[in-house]
Amino acid sequence: MGAMGVNLARVAIIGGFLLLWEIASGRWIEPFLVSSPSRIFFSLISGYRDGDLLQHTWVTFQEIAIGFPIGAISGIALGYAFGRSRLLAEIFEPIIIGLNGIPRTALAPLFIVWLGIGLWSKVGVVFLLTFFLNFFNTYTGMRQMDQEYVDLANLMGVKGWKLTLKVILPAISPYVFTGIRTSIPFAVIGAIVGEFVAATEGVGFFIRMSAGIFKTADVFVGIIVLMIMVIIMDRIAELIERRALRWQSQTEHIQIQA
Amino acid sequence: MANLTRNPSTVAPFPSDAVIQVEKVCKAFQSPGRENLDALIDIELSIHAGEFITVVGPSGCGKSTLLRLIAGFSPCSSGRIVFQGEEVRGLNTKVGYVPQESKLFPWLTVEENVGFGLDSKQYSRADRERQVSQFIHLAGLAGFEKYYPAQLSGGMSKRASIVRALVYEPPVILMDEPFGPLDAQTRMVLQDELLKIWEKKRQTIIFVTHDLVEAVALADQVVVMTHRPGKIRDVVQVPMSRPRNIFEIHRQDGFDEAYGHLWNIFRHELSIGAH
């Protein structure tokens, strides 16, 4: 089967599923339970037309746009620092691993208490979920890195920030990108959990509110918006990764559970 | 035969023109839960500018450890290494190092890899480019400047790895079994190229190998090491003239003598090991 065939099969599967859904809704299953593709589509259009949904999307986007980069960068920076300093790693490693044992979404209510029901409590939860994944991946990269590259560079007189930029960062970059890409869906989860707990706007709030009044179509609309967000972010990250790692013949993804 | 060999103890203790003076060097590694493992014992060696030295011995005899000590990657347990009149403490940035595997930086192109060591030295942009392109040509890598190491063959990465160490012209180059994993033909071609480059540049080379033919073919002097704990068993002079023809090295005057001498030493070693 060629690429054409694969694509055709895909379209057929998705189309078939949507069609079945459309037919089943109202005939075999109550529409308020599962809604239907056509209802969801029209809700999506009307949601964006009267600007309501746009505002919710914008709020959630802001939470992620602030929390995600801060979480990723500080996670990468700390992972790097731990890799460079044995003392730092020795002192903090067990503490970090202990903290990692906390189910982080359970902290969301605390963030509401600390930072209020506005933007910043959600930024906090996004940060928290992003930070650990990036930290662990980068730190693993630092430990797996071939020390001989650093030795060789040192011997050739390269040290300090030049060593970091020209040798260490490229050497750990596959791990760093794995951290970034695995943390993208978690950043979105963080924002939604924060909004579920307490919020007045955002896609998470929109989903919860719609479910509360049985506007099932709107619940699906919210889910679709989130899905599109994750896909767009992942695509952007993938593009940057491909450019940065074009020296690898094949991008191998190292999956680290955290 | 007697003038072919020099017992380490008869080497003059502090020849003034020695680039590297290894003095009573011992190296022990700590193995947790067990007693220390002696890798090197009482190594005495003096190496003069422009010499091509090979170090030969069975695996695990501490040849690579000796190179790592000269490079300053790790400290001596006792004794000292004097490099150009100064004791080696910490990294010795005046040596070039060619590791066992090529260890080219995979994220840099051939060109960037070869020029890597020039960045921290005082080179103008034009000088840098000239130097890089000269050595890339010398290594037969012209046309591959923009390739990444993953796209090169084993022999090509080896060449790039060697000129990366040569390009900034350190007075001494340390090579740790650089041709080990290559096939016989590629190996000979590279040995030939290495000798040609060396004859032009005349840097001091210390070349570790476990291959007796290679050791004799390349060297002015062969340092023979024994199995654990690593000691210098003998230093054998190779009286062959230069330039040498690597591809017919067996037919050159002096090869048989030096090779036979080495083989005698190792045969003796082996029979000790067997009983």
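As the structure is a computational prediction, the values presented were derived from the model and not from experiment.

Draft legend 1. Seen up close, the overall build of chain A. Helices and strands together make up the secondary structure of chain A, namely 11 helices and zero strands. With the principal axes as the frame, chain A shows a C-alpha extent of 75 × 55 × 30 Å. Here chain A holds 258 residues, and the buried ones make up 37% of them.

Draft legend 2. Representation of the overall build of chain B within the structure. Of regular secondary structure, chain B possesses seven helices and 11 strands. In summary, chain B has a C-alpha radius of gyration of 19 Å against a globular reference of 19 Å for 275 residues, a match within 12%. Counting only C-alpha atoms and orienting by the principal axes, one finds that chain B spans roughly 55 × 45 × 40 Å. Buried residues in chain B amount to 41% of all 275 residues.

Draft legend 3. Representation of the pairing of strand β7 (residues 95–98) of chain B. All names here are of chain B. The two faces of β7 match: Val95 and Tyr97 on one face and Gly96 and Val98 on the other face are all buried. Relative to strand β8 (residues 172–176), β7 is paired through four bridges, and the arrangement is parallel. Residue pairing across strands places valine 95 opposite valine 172, the latter belonging to β8.

Draft legend 4. Highlighting helix α1 (residues 63–71) of chain B. Residue and element names in this part refer to chain B. Counting buried positions along α1 gives seven out of nine residues, so the element sits mostly inside the fold. Three or more residues of α1 are buried, namely Lys63, Thr65, Leu66, Leu67, Leu69, Ile70 and Ala71. Of the residues trailing α1, glycine 72 is marked for its positive phi of about 80 degrees.

Draft legend 5. Region of interest: the interface of chain A and chain B. With 14 residues of chain A at the interface, the matching set in chain B holds 17 residues. Elements with a contribution of two residues or more to the side of chain A that touches chain B: α8 (147–155) and α9 (160–197) of chain A. Top element by residues in the side of chain A that touches chain B is α8(A). It accounts for six residues. Broken down by class, the residue content of the side of chain A that touches chain B amounts to eight nonpolar, four polar and two charged.

Draft legend 6. Structural detail: the confidence of the model for chain B. Residue and element names in this part refer to chain B. Here chain B averages 85 in pLDDT, and 91% of its residues register 70 or above. A low-confidence stretch, residues 1–15 (pLDDT under 50), is modelled with 18 contacts involving residues beyond four sequence positions or located in other chains. Here the complex is predicted with pTM 0.83, and the ipTM for its interfaces comes to 0.82.

Draft legend 7. Expanded view of the sheet that holds strand β6 (residues 86–87) of chain B. Residues and elements named next belong to chain B. Strand order in the open sheet formed by four strands is β3-β2-β5-β6, and the pairing between neighbours is antiparallel. One side of each edge strand has no neighbouring strand; the edge strands of this open sheet are β3 (37–48) and β6. Inspection of the sheet shows strand β2 (residues 18–29) paired to β3 by eight bridges, in the antiparallel sense. Note that in β3 the partner of valine 22 across the bridge is leucine 45.

Draft legend 8. Seen up close, the confidence of the model for chain A. When the pLDDT values of chain A are averaged, the result is 91; 96% of them are 70 or greater. Counting contacts from residues 250–258 of chain A, a segment whose pLDDT is below 50, to residues more than four positions away or on other chains yields 16 contacts.

Draft legend 9. Quick look at the packing of helix α10 (residues 203–212) of chain A against helix α11 (residues 216–244) of chain A. Residues and elements named next belong to chain A. Their axes nearest at 8 Å, the elements α10 and α11 cross at an angle of 160 degrees. Relative to α11, the element α10 lies roughly antiparallel. Regarding α10 and α11, the two cross each other, and that crossing is left-handed. When α10 is examined against α11, the residues Val203, Phe206, Ile207, Ser210 and Ala211 are found in contact with a partner set consisting of Asp218, Val219, Gly222, Ile223, Val225 and Leu226. Class assignment of the residues belonging to the contact of α10 with α11 gives a composition of eight nonpolar, two polar and one charged.

Draft legend 10. Molecular detail of the nonpolar core. Membership of the largest hydrophobic core comes to 134 residues, with the highest contact counts inside it found for B:Ile70, B:Leu174, B:Ile206 and B:Val222. Broken down by element, this core gets its largest block of residues, 15 residues, from α9(A).

Draft legend 11. Looking closely at the domain arrangement of chain A. Residue and element names in this part refer to chain A. Assigned domains of chain A: these are domain 1 (1–34) and domain 2 (36–244). In this structure, domain 1 and domain 2 have C-alpha centres spaced 32 Å apart. With nine residues of domain 1 at the contact, the number on the domain 2 side is five residues. Put simply, the parts of the chain that give the side of domain 1 that touches domain 2 at least two residues each are α1 (3–24) and α2 (31–34). Top element by residues in the side of domain 1 that touches domain 2 is α2. It accounts for four residues. Per-class residue counts for the side of domain 1 that touches domain 2 are six nonpolar, two polar and one charged.

Draft legend 12. Expanded view of unusual backbone geometry. Residues and elements named next belong to chain B. In this chain, arginine 242 is followed by proline 243 through a cis amide linkage whose omega measures -5 degrees. With respect to the secondary-structure elements, proline 243 resides in the loop between β11 (232–237) and α7 (255–274). In this model, lysine 103 sits at a positive phi of 50 degrees, which is unusual for a non-glycine residue. Within the secondary structure, lysine 103 is located in the loop between β7 and α2 (110–115). The residue glutamate 169 is not glycine, and still its phi comes out positive at about 50 degrees. Within the secondary structure, glutamate 169 sits in the loop between α4 (154–166) and β8. A residue is classified by how many C-beta atoms lie within 10 Å of it, and glutamate 169, with 15 of them, is partly exposed.

Cut-offs and rules
- Residues numbered from 1 in each chain as written.
- Chains lettered and ligands numbered in written order.
- Predicted model: local features only at pLDDT ≥ 70, side-chain atom pairs only at ≥ 80, totals over all residues.
- Helix = DSSP H or I, 4+ residues; strand = E, 2+ residues; numbered from the N terminus.
- Buried ≥ 20, exposed ≤ 12 C-beta atoms within 10 Å, placed from the backbone.
- Rg over C-alpha atoms; globule rule 2.2 N^0.38 Å.
- Pairing = 2+ DSSP bridges.
- Contact = placed C-beta atoms within 7 Å.
- Nonpolar A, V, L, I, M, F, W, Y, C, P; charged D, E, K, R; others polar.
- pLDDT = per-residue confidence, 0-100.
- Axes fitted to C-alpha atoms, helices over the stretch in contact; angles between N-to-C directions.
- Parallel < 35°, antiparallel > 145°, perpendicular 65-115°, else oblique.
- Left-handed = near helix turned anticlockwise from the far one by under 90°.
- Core = buried A, V, L, I, M, F, W, Y, C linked by C-beta atoms within 7 Å.
- Domains from an automatic or database assignment.

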